[in-house]
Amino acid sequence: MKLREICFLSRREITAYPTRSRATVIVIGILFGLLLAALVILQGLENVTLKFAGSATDGKVYLVSIYSDKNNQDLIHQRLAKYGGIVVTPTNKEIAQLPESAIIAEFNDVIKAYNYFEKTDSLELYYDVAKYEIYELHSKQLATYRWFMNLKAKFVRPASLVLLVVAVFILAFTMSHILSQNTRTFVLYRSLGASRAQLILIYFAYMLQLALRAIVFAGIIAVILAGISTVIGWRYFSTELAILYPLAPHYPPILFGINWQCLETLLWMLIAVPPAFLLCLDQFSNQKLALKLKGD
């Protein structure tokens, strides 16, 4: 049996049980669609907030670095080169306010600036974090970025794990019901020469197709909810951001943004298929098939 035939037979299962298949797609799609919508909306809000926060510096991040260990003054330049920071000449006002050993660097990327700021490579580069002072000039982009990052870290992973478990049981429940009603189909496939492994591939492909359709449905839900949230929250967020950043120009609060966590959420839907299928694997045994035939 060729791969094309396996895909054809798996699609046939969807048309043979349209109501149950659609119900599975809708339920899983709604569950993950709500999580995906929250991520899209939150990323959109982060994007527009960072625009307001970085308006004074055209989105660039300026960090002051001071390392008190005089025996390792090259460390700052080494780390700036690693994270894409460019040393800039301070103004006369800044020279008067900063220590002589302070170095001001410009970053064009908030993420790279944040990674530099966090000093997570202390063991790699052998430096004392306590002696290394870094703070931001002219804006509060790093504080904004950290707030959103912490919120997503606390929210996304727990929600994804819970939804993964729910999706596994929904898929397993759906599959067990379909398999319990497909005894005669099993016999037909076997009489046509299909092996047990090929039967397993047919129904595994069927579950993958359900998951893929649920992914599309979840994406549609996320886009719709992000659009609704933008319309409803437009006036509120415009007002609040104008209050927080009175000197910044107006940026439209479009609550739509994509990040790697959106992709991760969609991948969780595919990851749910193998464990759900393993829960139903015993349905393909010859003993189970014989018992079903006796029951029929």
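Each value, and the rule that gives it
- Residues numbered from 1 in each chain as written.
- Predicted model: local features only at pLDDT ≥ 70, side-chain atom pairs only at ≥ 80, totals over all residues.
- Heavy atoms only, no water.
- Helix = DSSP H or I, 4+ residues; strand = E, 2+ residues; numbered from the N terminus.
- Rg over C-alpha atoms; globule rule 2.2 N^0.38 Å.
- Buried < 20%, exposed > 50% of the residue type's maximum accessible area, 1.4 Å probe, protein only.
- Contact = heavy atoms within 4.5 Å.
- Areas by Shrake-Rupley, 256 points an atom, 1.4 Å probe, with all protein chains shown as cover.
- Patch = residues over 30% accessible without salt bridge, like charges linked within 9 Å, V, L, I, M, F, W, Y side chains within 5 Å.
- Salt bridge = Lys/Arg side-chain N within 4 Å of Asp/Glu carboxyl O.
- Pairing = 2+ DSSP bridges.
- Axes fitted to C-alpha atoms, helices over the stretch in contact; angles between N-to-C directions.
- Phe/Tyr/Trp six-rings, centres within 6.5 Å; stacked < 30°, edge-to-face > 60°.
- Core = buried A, V, L, I, M, F, W, Y, C linked by side-chain atoms within 4.5 Å.
- Domains from an automatic or database assignment.

## Topic: the overall build of the protein chain
Alright, step 1. Across its full length, the protein chain carries 12 helices and 4 strands.
Alright, step 2. Whereas a compact globule of 296 residues would reach a radius of gyration of roughly 19 Å, the protein chain reaches 28 Å, over 25% beyond that.
Alright, step 3. Taking all 296 residues of the protein chain together, 46% fall into the buried category.
Alright, step 4. Counting only contacts in the protein chain whose residues sit at least 6 apart along the sequence, the fraction spanning at least 24 positions is 84%.
Alright, step 5. Here the protein chain displays about 16,400 Å² of accessible surface, and carbon together with sulfur accounts for 64% of that area.

## A word on a nonpolar patch on the surface
Alright, step 1. Residues V216, I220, I224, I228, V231 and I232 make up a contiguous nonpolar surface patch of roughly 600 Å² in combined accessible area.
Alright, step 2. By the element assignment, V231 lies in helix α9 (residues 196-244).

## Quick word on the sheet that holds strand β3 (residues 103-107)
Alright, step 1. Across the sheet, 4 strands lie side by side as β2-β3-β1-β4; this open sheet has antiparallel pairing. Strands with a single pairing partner mark the edges of an open sheet, and in this sheet they are β2 (86-88) and β4 (132-137). On average, adjacent strands in this sheet sit at an angle of 35° to one another, irrespective of strand direction.
Alright, step 2. Here β2 pairs with β3 via 3 bridges, running antiparallel.

## Digging into the packing of aromatic side chains
Each aromatic ring pair is described using two quantities: the centre-to-centre distance and the angle formed by the ring planes.
Alright, step 1. Counting across every chain of the model gives 12 aromatic pairs.
Alright, step 2. With a centroid separation of 6.1 Å and an interplanar angle of 70°, the aromatic rings of Y83 and Y116 are classed as edge-to-face. With Y83 in helix α3 (residues 74-83) and Y116 in helix α5 (residues 110-118), this residue pair connects regions lying 33 residues apart in the sequence. The two residues Y83 and Y116 agree in class, both being buried.
Alright, step 3. Pairwise contacts between aromatic rings join Y67, Y83, F107, Y116, Y127 and Y132 into one cluster.

## Comments concerning the pattern of salt bridges
Alright, step 1. This structure, assessed with the given rule, holds 6 salt bridges.
Alright, step 2. Among the ionic pairs, E106 bridges to K60, the shortest N-O distance being 3.7 Å. With E106 in strand β3 and K60 in the loop between α2 (18-53) and β1 (61-67), this pair connects stretches of sequence that are 46 residues apart.
Alright, step 3. E106 gets classed as buried once you look at its relative accessible area, which sits at 14%.
Alright, step 4. For K60, a relative accessible area of 30% gives the class partly exposed.
Alright, step 5. We note a salt bridge from R79 to D121, for which the minimum N-O separation is 3.1 Å. Here R79 is found in helix α3, whereas its partner D121 is found in the loop between α5 and α6 (122-125), with 42 residues between them in sequence.
Alright, step 6. The exposure class of R79 is buried, given its relative accessible area of 0%.
Alright, step 7. Judged by relative accessible area, which is 3%, D121 ranks as buried.
Alright, step 8. Salt bridges here are not isolated pairs; linked through shared partners, they connect R79, K82, D121 and E124.

## Side note on the pairing of β1
Consecutive side chains along a regular strand alternate between the two faces of the sheet.
Alright, step 1. Taking burial as the measure, the 7 residues of β1 include 7 buried ones, the bulk of the element.
Alright, step 2. Here β1 runs beside β3; their pairing, made up of 5 bridges, is antiparallel. Within β3, the position partnered with V61 by the bridge is F107.
Alright, step 3. Bridge count between β1 and β4: 6 bridges; the pairing is antiparallel. For L63, the partnering residue across the bridge sits in β4 and is E136.

## A word on the nonpolar core
Alright, step 1. Counting 40 residues, the largest nonpolar core has I28, F32, Y203 and M207 as the members making the most contacts within it.
Alright, step 2. Only α1 (3-16), α2, α7 (141-180), α9, α10 (260-271) and α11 (273-279) provide two or more residues apiece to this core.
Alright, step 3. Of the residues forming this core, the biggest block, 12 residues, is contributed by α9.
Alright, step 4. When near neighbours in sequence (up to four residues on either side) are disregarded, I28 contacts A167, I170, L171, A214 and M269.
Alright, step 5. Listed in part, the 22 residues of the second largest apolar core include L50, I103, Y116 and Y127.

## Some points on the domain arrangement of the protein chain
Alright, step 1. Taken as a whole, the protein chain is organised into domain 1 (3-54 + 147-295) and domain 2 (60-138).
Alright, step 2. The C-alpha centroid of domain 2 is placed 43 Å from the C-alpha centroid of domain 1.

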